[in-house]
Amino acid sequence: MDSVQSVSIGELARRWSQETVGRFSEGRLLDLLMASFWRGDFDGNAARLGEPFGHRTALALIRGLQCVLEAHNAADAIGGSIRIVTERPAATEQLLPDGGREVDVTIYIALPADEGAWSDDMIGAATAQLTAVCFGDFNEPFRIALMGQVVHKDDVLRLCRRLRIEAPSFWRRASDQPAGRAGAITSCRRWLASLGNDDADRTKAQVFGEAKRRFPGLSQRGFDSAWASSAPALMKKPGPRTHSRRHRAS
């Protein structure tokens with residue numbers, strides 16, 4: 001796949017998640033890619049990919065699908081928690097018989113009914129709001145549509161550099177993958193340095209096991225050297241590992 005310059009978001013998340021077991025699930029990667037789409041991180045090479053799936057088109061699709069789902073009484077089943085409305089309603093909460101309160105957690109995006117009246121500022125405000133929304137909060141047909149959208153290799157590599165996360169192996173440049181035993185240690189150091197608090201409950205032995213799979217030729221001695229110089233301090237902290245320190249999204 002290294003010769004392929006572009007791939008769908010769904011395929012990218014699926015393939016990438018196979019390399020990030022225990023760190024980023026497919027769902028978590030879809031959240032990341034969804035936020036990146038709304039930030040405009042994939043706009044740089046849109047012209048190379050044919051008809052761009054821009055923010056205006058995406059917002060119009062969300063609203064159109066929302067109307068179809070509501071017309072067929074399917075909104076509750078697959079409608080998601082995003083609603084595009086002409087006027088954002090006041091916050092409401094309902095008192096339940098048991099004394100509890102039910103709060104409306106719907107995310108409302110206010111846009112005029114006439115799409116022709118959507119200004120760049122309105123679209124910018126809407127996309128800024130949607131950047132923090134999880135992939136699963138959108139209605140199911142929109143999720144399917146987005147997963148089929150194509151992203152370019154250059155934009156994904158740029159995103160990885162900005163977030164300081166390891167790029168998919170099938171798109172890492174040859175210059176990023178040094179050869180030989182020394183290269184395995186160098187690559188391992190880079191990888192260890194990219195780990196975060198979500199990995200803090202993994203033992204050194206577990207991390208070494210994954211490192212050996214990632215970097216052929218890596219010895220225990222080489223890993224120990226990389227661990228000492230590059231592993232996050234929280235991971236090297238002595239004591240039992242507990243799941244209470246992990247907050248990874250599924």
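Residues numbered from 1 in each chain as written. Predicted model: local features only at pLDDT ≥ 70, side-chain atom pairs only at ≥ 80, totals over all residues. Heavy atoms only, no water.

Draft legend 1. Representation of the overall build of the protein in the model. From N to C terminus, the protein includes 11 helices and six strands. Taken over 250 residues, the protein has a buried fraction of 40%. Pairs at least 24 residues apart make up 67% of the contacts formed inside the protein by residues separated by at least 6 positions. Carbon and sulfur atoms provide 53% of the accessible area of the protein, an area that totals close to 13500 Å². (Helix = DSSP H or I, 4+ residues; strand = E, 2+ residues; numbered from the N terminus. Buried < 20%, exposed > 50% of the residue type's maximum accessible area, 1.4 Å probe, protein only. Contact = heavy atoms within 4.5 Å. Areas by Shrake-Rupley, 256 points an atom, 1.4 Å probe, with all protein chains shown as cover.)

Draft legend 2. Geometry of the packing of aromatic side chains. Tallied over the full model, the rule gives eight aromatic pairs. Ring geometry for Phe 37 versus Trp 38: centroids 4.9 Å apart, planes at 65°, classification edge-to-face. Both residues of the pair, Phe 37 and Trp 38, count as buried. By the ring-pair criterion, three or more aromatic residues cluster together here, those being Phe 37, Trp 38, Phe 138 and Phe 142. A cation sits over an aromatic face here: Arg 15 above Phe 170, 4.9 Å from the ring centre. (Phe/Tyr/Trp six-rings, centres within 6.5 Å; stacked < 30°, edge-to-face > 60°. Lys NZ or Arg CZ within 6 Å of the ring centre and 35° of its normal.)

Draft legend 3. Representation of the side chain of Asp 31. With respect to the helices, strands and loops of the structure, Asp 31 is situated in helix H2 (residues 26-39). Not counting residues within four places of it along the chain, the set of residues in contact with Asp 31 comprises Cys 134, Phe 135 and Gly 136.

Draft legend 4. Focus on the side chain of Thr 127. Within the secondary structure layout, Thr 127 lies in helix H5 (residues 120-130). Overall, Thr 127 belongs to the buried group, its relative accessible area being 6%. Looking at Thr 127, its side chain comes within polar contact range of the main-chain oxygen of Gly 124, at 3.0 Å. Discounting residues that sit within four places of it in the chain, Thr 127 has contacts with Trp 38 and His 55. (Polar contact = N/O pair within 3.5 Å; in protein donor to acceptor, adjacent residues only side chain to side chain.)

Draft legend 5. Local environment of the pattern of salt bridges. Summed over the entire model, instances satisfying the criterion amount to 10 salt bridges. With a shortest N-O distance of 2.8 Å, Glu 11 and Arg 14 are connected by a salt bridge. Here the residue Glu 11 and the residue Arg 14 both occupy positions in helix H1 (residues 9-17), the gap between them amounting to three residues, near one helical turn. Overall, Arg 14 belongs to the partly exposed group, its relative accessible area being 34%. Residue Arg 214 pairs with Glu 210 through a salt bridge whose shortest N-O separation is 2.9 Å. Of this pair, Arg 214 and Glu 210 both sit in helix H9 (residues 204-214), four residues apart, which is roughly one turn of that helix. (Salt bridge = Lys/Arg side-chain N within 4 Å of Asp/Glu carboxyl O.)

Draft legend 6. Inspection of the environment of Leu 146 at higher detail. With respect to the helices and strands, the residue Leu 146 is situated in helix H6 (residues 140-147). The spacing of Leu 146 and Ser 8 is 138 residues in sequence and 8.6 Å in space, taken between C-alpha atoms. With residues near it in sequence (within four places) discarded, Leu 146 still touches Ile 9, Met 34, Phe 37, Phe 53 and Phe 135.

Draft legend 7. Seen up close, the nonpolar core. Counting residues in each nonpolar core, the largest one holds 42 residues, and the members touching the most others are Leu 12, Leu 33, Trp 38, Leu 59, Phe 138 and Phe 142. Among the elements of the structure, H1, H2, helix H3 (55-71), strand E2 (82-85), H5, H6 and helix H7 (153-163) are those that each provide at least two residues to this core. Other than its neighbours up to four places away in sequence, Phe 142 contacts Met 34, Trp 38, Phe 53, Ala 58, Leu 61, Ile 62 and Leu 65. Within the second largest apolar cluster, 16 residues are counted, among which are Ile 185, Cys 188, Phe 208 and Ala 226. (Core = buried A, V, L, I, M, F, W, Y, C linked by side-chain atoms within 4.5 Å.)

Draft legend 8. Molecular detail of the environment of Leu 59. Positionally, Leu 59 belongs in helix H3. With a relative accessible area of 0%, Leu 59 lands in the buried category. Along the backbone, Leu 59 and Leu 111 are 52 residues apart, and their C-alpha atoms lie at a distance of 9.5 Å.

Draft legend 9. A look at the packing of H2 against H6. Two elements in contact, H2 and H6, have axes whose closest approach is 12 Å; the angle formed by their N-to-C orientations is 80°. Overall, the two elements H2 and H6 adopt an arrangement that is roughly perpendicular. Contacts between H2 and H6 involve Leu 30, Met 34, Phe 37 and Trp 38 from the former and Phe 142, Leu 146 and Met 147 from the latter. Within the contact of H2 with H6, the residues separate by chemical class into seven nonpolar, no polar and no charged. (Axes fitted to C-alpha atoms, helices over the stretch in contact; angles between N-to-C directions. Parallel < 35°, antiparallel > 145°, perpendicular 65-115°, else oblique. Nonpolar A, V, L, I, M, F, W, Y, C, P; charged D, E, K, R; others polar.)

Draft legend 10. Spatial organisation of the pairing of E2. Here E2 shows no split at all, with Ile 82 and Ile 84 on one side and Arg 83 and Val 85 on the other all buried. Relative to strand E5 (residues 107-110), E2 is paired through four bridges, and the arrangement is parallel. When the sheet's bridge partners are listed, Arg 83 is paired in E5 with Tyr 108. (Pairing = 2+ DSSP bridges.)

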